[in-house]
Amino acid sequence: MSQLQGILTRLVNLREQASGSEAPQRFFEVDGKRICSVKYHAKTETFELEVYQDGEKPSVYQFDNIDMIAIEIFELIH
């Protein structure tokens, strides 16, 4: 399985776990270093990507397309 397919699978699982008021969250790491996290908000059907950068406040982005967020995560971890 390609790395992009693995990311998509994790995002689909995240979306399937969404229920109630609390958004499920997944973290993506490279060599033990946390690069970003993703939450899925079922109410709005959107993904929230939080990108971690050393010494800076995390950047937060909203996506309503699973393919676009998968590509963004893929680019972040490479």
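The structure contained in this document is the topic of the report that follows. Source: prediction; values computed, not measured.

**Thoughts on the sheet that holds strand S3 (residues 46–51)**
Sheet architecture is open: four strands sit in the order S1-S2-S3-S4, paired in antiparallel fashion. Because the sheet does not close on itself, it has two edges, and the strands there are strand S1 (25–30) and strand S4 (59–63). Within the sheet, the average angular offset between the axes of one strand and its neighbour, ignoring direction, is 20°. With six bridges connecting them, S1 and strand S2 (residues 33–41) associate as antiparallel partners. The residue of S2 that forms the bridge with glutamine 25 is lysine 39. Contacts between helix H1 (residues 3–17) and the sheet are confined to S1, S2 and S3, with S1 contributing the most and set at about 160° to the helix. Relative to the sheet, helix H2 (residues 66–76) contacts S1, S2, S3 and S4, its axis offset from that of S3 by approximately 15°.

**Considering the pairing of S2**
In textbook terms, the turn of a hairpin is the stretch between consecutive antiparallel strands, and for S1 and S2 this stretch comprises two residues, one of which, aspartate 31, has a positive phi near 50°. Both S2 and S3 contribute to a ladder of six bridges, which runs antiparallel. Bridge pairing links cysteine 36 to valine 51 in S3. Hairpin connection from S2 to S3: four residues lie between these consecutive antiparallel strands, with glutamate 45 at a positive phi of about 55°.

**Quick word on the side chain of threonine 46**
With respect to the helices and strands, threonine 46 occurs in strand S3. Taking the relative accessible area as the measure of exposure, threonine 46 reaches 15% and is therefore buried. Excluding residues within four positions of it along the chain, threonine 46 makes contact with Lys39, Tyr40, His41, Gln62, Phe63 and Asp64.

**Description of a nonpolar patch on the surface**
On the surface, a cluster of nonpolar side chains totalling about 250 Å² of accessible area is made up of Leu4, Met68 and Ile71. Here isoleucine 71 lies in helix H2. Using a relative accessible area of 39% as the deciding quantity, one classes isoleucine 71 as partly exposed.

What counts, and where the lines are drawn
Residues numbered from 1 in each chain as written. Predicted model: local features only at pLDDT ≥ 70, side-chain atom pairs only at ≥ 80, totals over all residues. Heavy atoms only, no water. Pairing = 2+ DSSP bridges. Helix = DSSP H or I, 4+ residues; strand = E, 2+ residues; numbered from the N terminus. Axes fitted to C-alpha atoms, helices over the stretch in contact; angles between N-to-C directions. Contact = heavy atoms within 4.5 Å. Buried < 20%, exposed > 50% of the residue type's maximum accessible area, 1.4 Å probe, protein only. Patch = residues over 30% accessible without salt bridge, like charges linked within 9 Å, V, L, I, M, F, W, Y side chains within 5 Å. Areas by Shrake-Rupley, 256 points an atom, 1.4 Å probe, with all protein chains shown as cover. Salt bridge = Lys/Arg side-chain N within 4 Å of Asp/Glu carboxyl O.

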